[in-house]
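Structure at a glance
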Amino acid sequence: MPIATVNPFTGVTEETFTAHTPEEVQEALARAVRAQRDLRERTFAERAGWLRRAAELLEAEVDTAAAMMTVEMGKPIAQSEAEVRKCAKGMRFYADHAEAMLADTPLADASAVGAGAAWTRWEPLGVVLAVMPWNFPLWQVVRFAAPALMAGNTGLLKHASNVPRSAVYLEDVLSRAGFPEGCFQTLLIGSDAVAAVLDDERVVAVTLTGSEPAGRSVAARAGAGLKKAVLELGGSDPFVVMPSADLDAAVATAVTSRTLNNGQSCVCAKRFVVHTDVYDDFAARFTARMAALVVGDPLDPATDIGPLATRAGRDELAELVQDAVDRGATVLTGGTVPERDGWFYEPTVLADLPEGTRLVMEEAFGPVATLYRVGDRDEALRVANQTSFGLSSSVWTTDADEQDWFTARLEAGAVFVNGMTASFPELPFGGVKASGYGRELAAEGIREFCNLKTVWRA
Ligand code: NDP
């Protein structure tokens, strides 16, 4: 796959980038190690100052940064702007809280271990490789970089090959903000060059957000090298609606959650599991709203749904829907590739999916929703948990017992009750099962790439 910016709205290649040579990668690795030796000696206040400056730069440049993302991968412009602001917020969060999150923890009764004093301290691990996807070109990276840099690690970014402008921009912003040379570098390399970087002894850990195959490949390599890995992979989140739910809120949120980022988010609600008492009402209202979405130029503020990021992604989605149609699923709206330039797919709602349909188990990375009618909470839970994924989940019910029952039993890294799944700097984020392991964000996220050192002093 060439490293290039290809506008998904037009299909035109806007810019092609030359990949870094193996020698250039070696130089970057050497710089990353040097920078890390320096960064680990800096105070939290110094690191926080640079990160706050980076947040200011992002906010000052929100218009250009947002347009850059929209041209690179097609998300509606208002969502790009929101993403830039979220990055600034995330940076400030870690600038404000990293020191407390990584504070020493003393053992209250040191005499119990025969010590005069005993405590734990968090230390940076070293150079961390980040393999990142194109769907949130800035946020996916910032949610790794902000905590990693505050902890005193340095970062090497291998971004998706279709968002090189975003990758180069992030390195530039962090450099202009004051981070010393080598603290955060973009490697312009293809996925076939990742293994060699990961095998290098100067790289101590890896974080990957992306598909299950990419995760398995990188995790195996990291395992062979005994290197820490954090994986945030795909999801096919259930959105469970029970009879007591506020249906207006559930329907509105269902549409937003399914179509955010043109439907290309790991934590989009993808499977709508609806109790039979409210199924027909929910299906009619949800379908009407999906059908009314404005599909068009992502730079136009009136657009709800832009093109998918790549032609391959659009074709894969069309194949999944065709498989469902061929097996006899009901198409409530959409179901076709529109006749127009760009990699569009119509907002689509499918129901009555027969057993064996690929979409029952696989992730739909685009604006395609599947509906499931269930008779009671046990059946709702069974359907919700039936995929191999376990990223997040959403349950809609005003019954307090039911809320607790689902919360305890949904197989997922998160449960959002009467709300839409989102990531927040304040809350840990990650999955179980084939959605990966480890956590990003919050205190748990910053600690993933730290050595928890136990100190025993006589
Ligand atoms: P990929 O997993 O292929 O790409 C994500 C990142 O991993 C990119 O930087 C990619 O590089 C890199 N990569 C891919 N394969 C390997 C490998 N074997 N070793 C090392 N690095 C690798 O995602 P796609 O863009 O192909 O999307 C496919 C599917 O992945 C989507 O349909 C969706 O299901 C899932 N996905 C999930 C995301 C999430 O947020 N969890 C985000 C994006 C995709 P390069 O671009 O150079 O190939």
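Values in this document were obtained by computation on a predicted structure and should not be read as measured data.

**Quick notes on the site of the ligand**
With respect to spatial proximity, 23 residues lie near the ligand, and among them Met132, Trp134, Ser161, Ser211 and Glu363 are the closest. Interatomic distance of 3.3 Å between a backbone N/O atom of alanine 160 and an oxygen atom of the ligand. Within the contact set of the ligand, an oxygen atom lies 2.5 Å away from a side-chain nitrogen or oxygen of serine 161. Protein chains shield 79% of the accessible area of the ligand, which is 860 Å² for the free molecule. Broken down by element, the shell around the ligand gets its largest block of residues, three residues, from helix H8 (residues 212-224). For the shell around the ligand, a count of residues per class yields eleven nonpolar, nine polar and three charged. Counting residues domain by domain, the shell around the ligand receives three or more from each of domain 1 (4-233 + 433-457) and domain 2 (237-417).

**A look at the pairing of strand E11 (residues 269-275)**
Of all seven residues in E11, seven are buried, a share of seventy percent or more. With five bridges joining them, strand E10 (residues 237-241) and E11 adopt parallel strand pairing. Across the sheet, valine 241 pairs through a bridge with valine 274, a residue of E11. In terms of handedness, the path from E10 via helix H9 (residues 247-259) over to E11 forms a crossover that is right-handed. Bridge analysis of E11 against strand E14 (residues 368-374) gives five bridges, and the strand direction is parallel. Looking across to E14, one finds that arginine 271 is bridged to threonine 370.

**A word on the pattern of salt bridges**
Under the criterion given, the structure shown has 29 salt bridges. The salt bridge partner of arginine 285 is aspartate 248, with a shortest N-O separation of 2.1 Å. Within this pair, whereas arginine 285 is found in helix H10 (residues 276-291), its partner aspartate 248 is found in helix H9, the two being separated by 37 residues in sequence. Exposure remark for arginine 285: the relative accessible area of 27% places this residue in the partly exposed category. The shortest N-O distance in the salt bridge between aspartate 315 and arginine 314 comes to 3.1 Å. A residue is classified by how much of its surface remains accessible, and aspartate 315, at 35% relative accessible area, is partly exposed. Of the residues examined, arginine 314 reaches a relative accessible area of 8% and is grouped as buried. A cluster of three or more residues bridged by salt bridges with shared partners is formed by Arg40, Arg121, Glu123 and Lys453.

**Re the packing of aromatic side chains**
For any two aromatic rings, the description comes down to two numbers: the centre-to-centre distance and the angle of the planes. Within the structure shown, the criterion is met by eleven aromatic pairs. Relative to phenylalanine 286, the ring of phenylalanine 272 has its centre 4.8 Å away and its plane inclined at 40 degrees; by these criteria the two rings are tilted. Pair noted here: phenylalanine 272 is in strand E11 and phenylalanine 286 is in helix H10, with a separation of 14 residues, a long-range link. Across this residue pair, the class does not change: phenylalanine 272 and phenylalanine 286 are buried. Site record: aromatic cluster; members linked through ring pairs are Phe239, Phe272, Phe282, Phe286 and Trp396. Lying across the ring of phenylalanine 344, arginine 340 places its NZ or CZ 4.1 Å from the centre.

The rules we used
Residues numbered from 1 in each chain as written. Predicted model: local features only at pLDDT ≥ 70, side-chain atom pairs only at ≥ 80, totals over all residues. Heavy atoms only, no water. Near = heavy atom within 4 Å. Polar contact = N/O pair within 3.5 Å; in protein donor to acceptor, adjacent residues only side chain to side chain. Areas by Shrake-Rupley, 256 points an atom, 1.4 Å probe, with all protein chains shown as cover. Helix = DSSP H or I, 4+ residues; strand = E, 2+ residues; numbered from the N terminus. Nonpolar A, V, L, I, M, F, W, Y, C, P; charged D, E, K, R; others polar. Domains from an automatic or database assignment. Buried < 20%, exposed > 50% of the residue type's maximum accessible area, 1.4 Å probe, protein only. Pairing = 2+ DSSP bridges. Right-handed = clockwise from strand over helix to strand, strands pointing away. Salt bridge = Lys/Arg side-chain N within 4 Å of Asp/Glu carboxyl O. Phe/Tyr/Trp six-rings, centres within 6.5 Å; stacked < 30°, edge-to-face > 60°. Lys NZ or Arg CZ within 6 Å of the ring centre and 35° of its normal.

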